[in-house]
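# Topology and contacts: notes
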Amino acid sequence: MSERPEDRNEKIAVRFQVNGEPTELLVSANETLLSALRNQLGLTGTKYGCGTGDCCACTVSVNGRAILSCLSLAAELEGENVTTVEGLSDGSKLNPVQASFAELGAVQCGFCTPGMIMTINALLAENPDPSEQEVRHYLRGNLCRCTGYVKIVDAALAAAGTMEA
Amino acid sequence: MLKHHDAGAEMVPQEGVHEVDNVGARLGRTDAWRKVTGQEQYMEDVPLVSQLWGKILRSPHPHARIRGIDVSRAESLPGVKAVITFRDIVPFKIGYSTHGDQFALCHDRARYVGDEVAAVAAVDEETAEKALSLIDVDYEVLPFVLDPIEAMKPDAIVLHKDKGTNIAAENHTEFGDVEKGFAEADHVFEDEFETQRQCHVCMEVHGCVANWGNDDSLSVWTSTQSPHIVKRFLAKAVDLPLSKVRVNRVGVGGAFGSRTDLFPHDVIAAYLSKKARRPVKLLFSRQEEFYASATRHPALVRIKTGIKDGMITTRHVTAILNGGAYTSQTGAVMGSLGWKASNYYRIENYRYDGYGVLTNTSVATAYRGYGGPQLGFALESQIDMIAERLELDPVEFRLNNANRQGDTSVSGSYFSSCELTQCIEAADRALEGEKPAGRDQGRGMAIGFGESGWRGAYYNNSDVSAATIKMNMDGSIHTTVGGAEIGTGYDTTMAQIAADALGVPIDQVSVHSGDTNDAAYDLGLYASRGAITSGMAVKLAADKTKGKLLDAAAKMLDTPRSELSIENRCIVSSANPNIAITMAEIAEHIYEEEGSAVFGTGIYDPQTHLADETGFHASPGGSITYPFCAVNLDVSVNRDTGEFKIGKIAVAVDCGKPINPAIVEGQIEGDVFHGLGMATVEPGLDYDDAGAPKYHHLVDYKLLTAADMPQIECIVAESTDPTGPFGVKGVTQLITSSVGAALANALNDAIGVRMTSLPITPEKILQALERAQS
Ligand code: FES
Ligand code: FES
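The rules behind these values
- Residues numbered from 1 in each chain as written.
- Chains lettered and ligands numbered in written order.
- Predicted model: local features only at pLDDT ≥ 70, side-chain atom pairs only at ≥ 80, totals over all residues.
- Heavy atoms only, no water.
- Helix = DSSP H or I, 4+ residues; strand = E, 2+ residues; numbered from the N terminus.
- Buried < 20%, exposed > 50% of the residue type's maximum accessible area, 1.4 Å probe, protein only.
- Contact = heavy atoms within 4.5 Å.
- Lys, Arg positive; Asp, Glu negative; His and termini not counted.
- Charge placed at Lys NZ, Arg CZ, Asp CG, Glu CD.
- Rg over C-alpha atoms; globule rule 2.2 N^0.38 Å.
- Areas by Shrake-Rupley, 256 points an atom, 1.4 Å probe, with all protein chains shown as cover.
- Phe/Tyr/Trp six-rings, centres within 6.5 Å; stacked < 30°, edge-to-face > 60°.
- Pairing = 2+ DSSP bridges.
- Buried area = accessible area lost by both parts, 1.4 Å probe.
- Salt bridge = Lys/Arg side-chain N within 4 Å of Asp/Glu carboxyl O.
- Polar contact = N/O pair within 3.5 Å; in protein donor to acceptor, adjacent residues only side chain to side chain.
- Domains from an automatic or database assignment.
- Core = buried A, V, L, I, M, F, W, Y, C linked by side-chain atoms within 4.5 Å.
- Axes fitted to C-alpha atoms, helices over the stretch in contact; angles between N-to-C directions.
- Parallel < 35°, antiparallel > 145°, perpendicular 65-115°, else oblique.
- Left-handed = near helix turned anticlockwise from the far one by under 90°.
- Nonpolar A, V, L, I, M, F, W, Y, C, P; charged D, E, K, R; others polar.

We now examine the overall build of chain B. Scanning chain B for helices and strands turns up 18 helices and 28 strands. Oriented by its inertia axes, the alpha-carbon framework of chain B measures out at about 90 × 75 × 50 Å. When burial is assessed residue by residue, chain B has 67% of its 774 residues classed as buried. Residue pairs in contact within chain B that sit at least 24 positions apart in sequence constitute 80% of those at least 6 positions apart. Across chain B, the centroid of the 70 positively charged side chains sits 4 Å from that of the 103 negatively charged ones.

Bringing the overall build of chain A into the picture now. The number of helices and strands found in chain A is 5 helices and 5 strands. Beginning at the N terminus, the succession of helices and strands in chain A can be written as β-β-α-β-β-β-α-α-α-α. For a compact globule of 165 residues, the expected C-alpha radius of gyration is about 15 Å, and chain A comes in at 17 Å, within 12% of that figure. Counting all 165 residues of chain A, 55% fall into the buried class. A separation of at least 24 residues holds for 54% of the contacts in chain A among residues at least 6 apart in sequence. Total accessible area on chain A is roughly 6800 Å²; 49% of this is exposed by carbon and sulfur atoms. Taken together, the 12 basic and 20 acidic charged side chains of chain A have centroids lying 5 Å from each other.

Residues and elements named next belong to chain B. For the bond from L758 to P759, the omega torsion is 0°, close enough to zero to count as cis. The backbone of S328 sits at a positive phi, close to 45°, despite the residue not being glycine. On the secondary structure map, S328 appears in the loop between strand 16 (311–324) and helix 9 (330–341). For Y370, which is not glycine, the phi torsion reads 50° and is therefore positive.

Turning to helix 1 (residues 33–40) of chain A, a few remarks are in order. All names here are of chain A. When helix 1 is considered as a whole, its buried residues turn out to be L33, L34, A36, L37 and R38. Tucked inside the fold, the buried residues of helix 1 contact strand 1 (12–18), strand 2 (21–27), strand 3 (59–62), strand 4 (65–68) and strand 5 (81–83). G42 sits one or two residues past helix 1 and shows a positive phi near 70°.

Residues and elements named next belong to chain B. Within this structure, the stated rule accounts for 15 aromatic pairs over all chains. Here the aromatic rings of W339 and Y626 are separated by 5.8 Å at their centres, their planes lie at 45°, and the arrangement is tilted. With W339 in helix 9 and Y626 in the loop between strand 25 (598–604) and strand 26 (628–637), this pair connects stretches of sequence that are 287 residues apart. Y626 carries the same exposure label as W339, and that label is buried. Linked through ring pairs, W339, Y344, Y345, F415, F449, W454, Y626 and F628 together constitute an aromatic cluster.

Moving on, we get to the sheet that holds strand 8 (residues 136–141) of chain B. Residue and element names in this part refer to chain B. Pairing is antiparallel in the open sheet, where 3 strands are placed in the order 6-2-8. Of all the strands in the sheet, just strand 6 (109–110) and strand 8 have a single pairing partner and so form its edges. Sheet topology note: the strand 2 (residues 64–70)/strand 8 ladder contains 6 bridges and is antiparallel. Pairing of I66 across the sheet is with Y139, part of strand 8.

Turning our eyes to something else, we now look at the interface of chain B and chain A. The interface is formed by 57 residues belonging to chain B together with 45 residues belonging to chain A. Interface area for chain B against chain A, summed over the two sides, is near 4100 Å², with a carbon-plus-sulfur share of 57%. On the chain B side of the interface with chain A, the three residues burying the most area are V36, M203 and A706 of chain B, jointly 18% of the side's total. For the pair chain B and chain A, the number of links is 6 salt bridges. Between E682 of chain B and R145 of chain A there is a salt bridge, with its nearest N and O atoms 2.8 Å apart. Taken together, the connections running from chain B to chain A amount to 25 residue pairs in polar contact (both at pLDDT 80 or more). Top contributing element to the side of chain B that touches chain A by residue count: helix 16 (residues 661–679) of chain B, with 8 residues.

Below, the discussion takes up the domain arrangement of chain A. Residues and elements named next belong to chain A. According to the domain assignment, chain A consists of domain 1 (5–87) and domain 2 (96–159). In this structure, domain 1 and domain 2 have C-alpha centres spaced 23 Å apart. Contacts between the two partners involve 15 residues from domain 1, matched on the other side by 10 residues from domain 2. Between domain 1 and domain 2, roughly 1000 Å² of surface is buried when both sides are summed, and carbon and sulfur atoms account for 67% of that area. Taken together, the links from domain 1 to domain 2 amount to 0 salt bridges. Taken together, the connections running from domain 1 to domain 2 amount to 1 residue pair in polar contact (both at pLDDT 80 or more). When residues in the side of domain 1 that touches domain 2 are grouped by element, the largest group, 3 residues, is from strand 3.

What follows concerns the nonpolar core. F101 of chain A together with L218, V635 and I735 of chain B are the most contacted members of the largest nonpolar core, which totals 203 residues. For this core, the element with the most residues is helix 17 (residues 736–751) of chain B, which contributes 9 residues. The residues touching V635 of chain B, leaving out its near neighbours within four places in the chain, are D440, Q441, G442, F644, K645, I646, L743, A746, L747 and A750 of chain B. Residues I477, Y490, M494 and M536 of chain B belong to the second largest nonpolar core, which totals 47 residues.

What follows concerns the domain arrangement of chain B. All names here are of chain B. Segmentation of chain B into domains returns domain 1 (48–142 + 205–255 + 259–291), domain 2 (299–455 + 612–773) and domain 3 (464–604). Here domain 1 and domain 2 have C-alpha centroids that lie 36 Å from each other. Each partner contributes to the interface: domain 1 provides 17 residues, whereas domain 2 provides 25 residues. Interface area, domain 1 with domain 2, both sides summed: about 1700 Å², of which 61% is carbon and sulfur. Counting the surface domain 1 buries against domain 2, the share from its top three residues, Y96, D101 and F290, is 34%. Along the contact surface separating domain 1 from domain 2 lie 0 salt bridges.

Residue and element names in this part refer to chain B. Here N343 lies in the loop between helix 9 and strand 17 (349–358). Polar side-chain contacts of N343 include one of 2.8 Å to the backbone oxygen of W339. Residues contacting N343, with those up to four places away along its chain left out, are N403, S409, S411, S413, F415 and F449.

Any two packed helices are characterised by the angle at which their axes cross and by the distance between the axes. Residues and elements named next belong to chain B. Look at helix 6 (residues 227–238) against helix 7 (residues 264–276): their axes get within 10 Å of each other, and the N-to-C directions meet at 50°. It follows from the interaxial angle that helix 6 and helix 7 lie oblique. In terms of crossing hand, the pair formed by helix 6 and helix 7 is right-handed. Here L234, A237 and V238 of helix 6 lie close against helix 7, whose contacting residues are D266, V267, A270 and Y271. For the contact of helix 6 with helix 7, the class distribution of residues is 6 nonpolar, no polar and 1 charged.

Below, the discussion takes up the pattern of salt bridges. Where charged atoms from two side chains of opposite charge come close, those side chains can pair. Residues and elements named next belong to chain B. Applying the stated criterion to the full structure yields 51 salt bridges over all chains. E125 is paired through a salt bridge with K55; the nearest N and O atoms lie 3.7 Å apart. Taken together, the residues span a long stretch of sequence, with E125 in helix 3 (residues 125–133) and K55 in strand 1 (residues 52–58) at a distance of 70 residues. Here E125 falls in the partly exposed class, since its relative accessible area comes to 36%. Taking relative accessible area as the criterion, K55 reaches 6% and is therefore assigned buried.

Written as structure tokens, this is what we have:
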């Protein structure tokens with residue numbers, strides 16, 4: 001509960017699915033989805049990189065579409081289906097994109113990784129067999145300072161291969 | 001010769017382990033699972049009960065006297081738990097090692113837009129922000145200086161009164177006889193180059209989480225390359241004994257040199273927590289990250305080169321680096337630039353005049369390449385300019401002057417291994433058959449040179465790393481190392497070295513890094529030292545552990561120790577084929593029967609080679625071994641728009657033995673990314689006439705995207721280096737130094753204009769084409 005007394009009456013109740021779980025939260029009108037996920041639900045896999053829509057580190061999926069959680073208001077997600085990086089694997093088996101990231105060395109510092117993986121999952125849902133050019137184009141908003149994107153693109157293409165099979 | 005610092009016991013001779021299959025293997029990283037599932041914990045994710053949010057009030061003026069600070073309105077805002085100013089902190093000057101000149105909170109003067117003036121801790125970020133706006137600071141705005149040339153003038157505004165000058169560091173070093181060298185040369189060329197203030201732009205912003213315990217102990221989670229360095233200076237800054245300060249392991253979201261020291265925000269978080277008696281999480285916004293975290297040094301580099309009989313004989317390099325408002329690592333980066341220049345080619349005479357100058361701008365510090373990118377752009381551009389003027393083939397010119405194994409450079413660096421010529425040839429060959437055809441297509445090369453550890457980086461006499469291996473009863477091992485996993489694959493590399501050095505399967509190795517309570521004093525990760533110094537410490541720790549196992553086995557089996565060795569995870573006897581006991585059996589025996597323990601500690605401090613012990617750093621300097629590279633790229637240019645496109649970049653690197661080829665490639669690719677960004681789209685942090693930074697967002701300060709990056713071909717020109725563990729050398733930064741010049745050379749090849757400043761933009765190309773026409 002907030003320690004600021006004036007806050008307590010201003011909250012909005014929102015009900016939505018988060019990683020398959022029905023979830024109910026009290027949020028303020030201007031609370032972002034990023035903040036709600038991280039600060040209220042403890043889902044810290046989704047990252048803050050800029051807060052202004054310029055890095056895609058905060059990418060999550062809403063009904064299968066990749067969106068920027070730093071620009072989305074939690075209060076507007078009534079009834080929606082949100083998936084974060086924590087919801088991609090059951091804890092024992094990785095999602096194909098996660099698996100190829102781990103296998104092909106697409107992870108360095110790992111800070112861009114959750115956003116990258118969410119974006120690539122959205123790409124593969126739209127286009128299961130993308131060309132390298134299409135992968136690069138789709139990822140152009142996701143910034144990574146470590147990898148030069150080489151192994152990230154490789155991992156996306158490899159994941160597409162395994163998902164098809 | 002290796003120098004081992006071992007407390008007490010004499011060195012265990014190196015016993016052969018006949019099962020080397022992890023070193024050199026393309027294994028998955030040990031941290032990958034955590035990172036792909038979102039479980040890695042970075043600073044922003046550290047969960048602490050009743051944690052507060054910290055925020056820093058920063059100076060809006062590039063230069064101002066602070067006449068007074070009134071925090072009473074901020075303190076009375078509900079939800080605010082602590083407000084601090086310089087009055088609340090010990091007057092400890094932080095900076096690079098003991099050479100500090102920056103208080104964590106300004107005393108009576110702010111020296112750049114972003115300087116830390118006061119700080120608050122509150123129940124949430126919004127309240128903390130609001131409290132900042134309620135702090136009343138009485139500023140007297142002062143004249144300021146942004147340009148280092150202006151700041152060097154005798155009548156310039158002086159930033160630090162006690163220094164009496166804005167020249168924070170200078171270096172004048174000569175080897176051989178430069179005057180004579182130029183007099184005897186057939187040709188002398190002099191050219192000048194300029195590079196911008198590149199920002200590190202780590203995807204994770206800077207910050208610190210601090211918890212001041214009721215027992216007056218301090219625990220911090222700060223994203224750092226050097227946990228022990230932070231601990232050492234943080235203890236002084238908060239006036240606690242070292243035993244009461246702990247830097248904990250935390251995920252590091254990119255570093256690239258920007259996280260090598262203790263910074264004001266670490267100290268501020270600690271004092272906020274002390275005052276509030278609650279944990280405090282203090283994280284920069286991306287905007288703050290741009291204008292208030294450290295940057296690369298903008299530089300002006302002049303190179304004068306003497307050529308005799310087609311050989312480079314003499315060089316004089318002059319460099320002026322803009323260090324920003326506080327000295328930080330300016331002296332060392334400036335020194336390193338000059339030192340690197342002495343090692344690029346076989347030369348006989350060398351002079352360096354370097355200046356690190358303070359201005360009212362963001363603090364400049366270590367950044368991937370450490371003076372190398374500024375130098376490399378200048379030096380390797382000039383190589384092509386000279387070749388063109390003398391009508392020499394630039395590749396052959398480089399080959400003729402290249403260093404070779406066994407050389408000692410003019411400044412005393414000894415190259416125990418060097419495959420530079422192989423790198424040049426391989427990078428040249430890699431683009432063969434793709435010869436750019438037609439008008440406005442070009443190709444350009446540049447070589448690179450780097451360090452691999454550095455003696456005396458912290459004005460000490462050391463380059464030390466530490467590791468401990470503890471074997472459990474089941475034969476599995478814990479490896480504790482003093483560096484940190486900063487994204488470079490450090491933990492994985494250490495696991496591979498530990499596994500092979502001890503003959504343990506990799507899945508039975510765990511690595512613990514980044515926690516000062518776990519590991520012995522270790523200087524951390526900078527100067528591409530992790531693989532070599534920590535790697536060697538791990539190897540020494542493994543040797544000690546092995547010695548302990550063999551001693552116990554000899555006693556247990558009643559066999560001479562000299563007949564025993566470790567093979568296939570067993571201790572076997574060369575005299576008796578029936579003897580074979582597993583590591584687990586002997587470990588269990590040691591714990592259960594001998595009432596003892598199986599562990600070994602390795603401390604490694606390499607013996608470095610440098611002729612002049614005080615030449616470049618007022619510290620001994622030098623690495624134990626040096627990596628080399630060559631970068632070759634193709635470009636095509638549109639003369640109407642100035643736009644250009646890079647076809648392919650071939651990078652050949654001599655980094656010794658790659659412990660993990662996938663990790664090495666990742667470092668090469670990242671190195672290209674930083675170098676190409678600096679060469680092209682990254683504007684560098686610039687200031688307007690009022691001294692305010694121009695860039696606050698990722699939309700203005702561009703990074704290259706996946707759609708922009710050209711194809712990169714990585715070639716490893718393996719050398720066998722006798723010094724590091726399994727022959728490894730550093731690889732994390734030298735290529736960044738080569739990309740700018742390779743691009744400038746390729747553009748010159750394509751359209752016949754010479755770009756002498758970074759970044760190279762379409763506008764600059766159009767201007768150069770226009771100039772060439774008139
Ligand atoms: S944090 Fe959302 S785009 Fe950067
Ligand atoms: S892995 Fe570090 S930002 Fe992408």
